[in-house]
Amino acid sequence: MYELEQYQDLLSPINQFLQVPTPTEWIEEAKKPENLKVVLIDHLLCELKAGQSAMYLIRKYAVDPSSASSLLEWFKPYEDFAYRKTGGLETLKGKSQISKKITAKANSPYSQELIDKMVLLIKEELHHFYQVLEIMGSRDIGYEPVSASRYAKGLLSNMATHEPQTLVDKLIIGAYIEARSCERFAMLAPHMEADIAKFYISLLRSEARHYQDYLTLAEEIAGRDISERVKWFGEIEAELIASPDKDFKFHSGVPV
């Protein structure tokens, strides 16, 4: 019903970028009806964390103090829901947009392009958070926090500790997380119920653009060839995806 052929031009560079495909064992586990709850809740939290990562990145490196405060306010209702269990669909409705302009701090070495790309990414991630919550609500799946998988931590633990390489590494890692998410949505869609399949396919273009934006920004900020660094992080990412993993989550490895 939901053909993916029309998305092959979009998926092909992502599949080439990732060093290993998602193992079939993960797909088999993810499509089990009893695992839908953890797939949806972990996806929900992944959307929030993706937005937070972009927000903290521009707060640290690029925006003025007023904008930094506005970014924290923007996330508060989402964090209240996820971490303090207050609010819900009604309190989050329409909150994915930000009314205040986010501007660069004086003499920032990073361009407005970094801010603009990350703000757009945040808007989309928060909108996706709301969409996942709607799908959960339609199935009477209540929200309860789940622990994070090893995936993001495993990548972030390998970042350099000196600037600007730390920032470049954060952007490379962001590219891998977005690319893997895109690949998994495409692989999982044919096995899901119609509304979830349609939703996952609707995410492909934004996830693919996020991966490319992160990679482009990493190259621009590094100001040099980063292909070896990208390849190295790709090897780490592939190991996390292809090795046995006792904790089943959206970005986990081979289920044990």
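Think of each chain on its own: its residues are numbered from 1, step by step along the sequence as written. Side-chain atom pairs in this predicted model are given and counted only at pLDDT of 80 or more, local residue features only at pLDDT of at least 70, and totals for whole chains, interfaces and linings cover all residues. Just so you know, side-chain values use all the structure's heavy atoms and leave hydrogens and water out.

**Q** Explain the pattern of salt bridges to me, and be specific about the residues and the numbers.
**A** Think of a salt bridge as a Lys or Arg side-chain nitrogen and an Asp or Glu carboxyl oxygen that are within 4 Å of each other. Across all of its chains, the model carries 16 salt bridges by this definition. For Glu73, the salt bridge is made with Lys100, and the minimal N-O distance between the two is 3.6 Å. Remark: Lys100 occurs in the loop between α5 (89–92) and α6 (112–138) and Glu73 occurs in helix α4 (residues 65–84); sequence separation between them is 27 residues. What makes Lys100 partly exposed here is its relative accessible area of 44%. Residue Glu237 is joined to Arg180 by a salt bridge in which the shortest nitrogen-to-oxygen separation is 2.7 Å. We count a stretch as a helix when DSSP gives it H or I for four or more residues in a row; a strand needs E for two or more, and each element gets its number in order from the N terminus. Categorising residues by exposure relies on relative accessible area from a 1.4 Å probe, with only protein chains included: less than 20% of the type maximum marks a residue as buried, more than 50% marks it as exposed, and the intermediate range marks it as partly exposed.

**Q** Go over the packing of helix α3 (residues 36–61) against α6 with me, naming the residues and quoting the values.
**A** Helix-helix packing is characterised by the crossing angle of the two axes and by the distance between the axes. Here an axis means a line fitted to C-alpha atoms, over the contact stretch when the element is a helix, while the angle between two N-to-C directions is reported on a 0 to 180 degree scale. It is the contact of α3 with α6, at a shortest axis distance of 9 Å, that shows an interaxial angle of 160°. The orientation of α3 relative to α6 falls into the category roughly antiparallel. Considering how the two elements wind past one another, α3 and α6 form a crossing that is left-handed. Considering only residue class, the contact of α3 with α6 consists of 21 nonpolar, three polar and two charged. When an angle is under 35 degrees it counts as roughly parallel; over 145 it counts as roughly antiparallel; between 65 and 115 it counts as roughly perpendicular; any other value is oblique. Here is the rule for handedness: rotate from the far helix to the near one, and if that takes an anticlockwise turn smaller than a right angle the crossing is left-handed, while a clockwise turn gives right-handed. Three classes are used: nonpolar for Ala, Val, Leu, Ile, Met, Phe, Trp, Tyr, Cys and Pro, charged for Asp, Glu, Lys and Arg, and polar for all others, with Gly counted as polar.

**Q** Outline the environment of Leu120, listing residues and values.
**A** Secondary-structure assignment places Leu120 in helix α6. Distance in space between the C-alpha atoms of Leu120 and Ala54 is 9.8 Å, their sequence separation being 66 residues.

**Q** Describe the side chain of Ser96, and please don't skip the residues or the numbers.
**A** Tracing the sequence through the fold places Ser96 in the loop between α5 and α6. The contact criterion used is simple: two residues touch if any of their non-hydrogen atoms lie within 4.5 Å. Contacts of Ser96, omitting those with residues within four sequence positions, involve Trp74, Tyr78, Lys123, Leu126 and His127.

**Q** Go over the environment of Ala54 with me, naming the residues and quoting the values.
**A** Note that Ala54 resides in helix α3. Distance from Ala54 to Asp42, taken between C-alpha atoms, is 18 Å for residues twelve residues apart in sequence. The residues touching Ala54, leaving out its near neighbours within four places in the chain, are Met118, Leu121, Ile122 and Tyr214.

**Q** How would you summarise the packing of aromatic side chains if you had to cite specific residues and measurements?
**A** Each Phe, Tyr or Trp ring, with Trp reduced to its six-membered ring, pairs with another whose centre is within 6.5 Å; inter-plane angles below 30 degrees give stacked pairs, above 60 give edge-to-face pairs, and intermediate values give tilted ones. Overall, the coordinates contain 13 aromatic pairs when judged by the stated rule. Here the aromatic rings of Trp74 and Phe75 are separated by 6.1 Å at their centres, their planes lie at 65°, and the arrangement is edge-to-face. Of the two residues, Trp74 and Phe75, both sit in the buried class. Arranged with centres 4.9 Å apart and planes meeting at 70°, the rings of Trp232 and Phe233 form a pair that is edge-to-face. Judged by relative accessible area, which is 0%, Phe233 ranks as buried. Three or more aromatic residues link up through ring pairs in this structure, and these residues are Trp26, Phe185, Phe199, Tyr200, Phe248 and Phe250. The ring of Trp26 is capped by Arg184, whose NZ or CZ atom sits 4.0 Å from the centre of that ring. The rule for a charge over a ring is simple: NZ of Lys or CZ of Arg within 6 Å of the ring centre, and within 35 degrees of the ring normal.

**Q** So what about the side chain of Ser243? Which residues, and what values?
**A** Counting through the fold element by element, Ser243 comes out in the loop between α10 (227–242) and β1 (244–245). As used in this structure description, the phrase polar contact means that two N or O atoms lie within 3.5 Å; if the pair is within protein, one of them must be able to donate a hydrogen and the other to accept it, and residues adjacent in sequence are counted only when both atoms belong to side chains. For Ser243, the side chain forms a polar contact with the main-chain oxygen of Glu239, separated by 2.6 Å. With residues near it in sequence (within four places) discarded, Ser243 still touches Arg150, Gly253 and Val254.

**Q** I'd like a description of a negative patch on the surface, backed by residues and values.
**A** The patches reported here contain residues having more than 30% relative accessible area and no salt bridge. Joining distances are 9 Å for like charges and 5 Å for nonpolar side chains (Val, Leu, Ile, Met, Phe, Trp, Tyr). Shrake-Rupley sampling with a 1.4 Å probe provides the accessible areas, and residues are treated as covered by the protein chains on show and by no other component. Positive: Lys, Arg. Negative: Asp, Glu. His and the chain ends are not part of the count. In this description, the location of a charge corresponds to atom NZ of lysine, CZ of arginine, CG of aspartate or CD of glutamate. The grouping of Glu219, Glu220, Asp225, Glu228 and Glu235 at the surface amounts to a negative patch. Take Glu228: it is sitting in helix α10. Exposure remark for Glu228: the relative accessible area of 57% places this residue in the exposed category.

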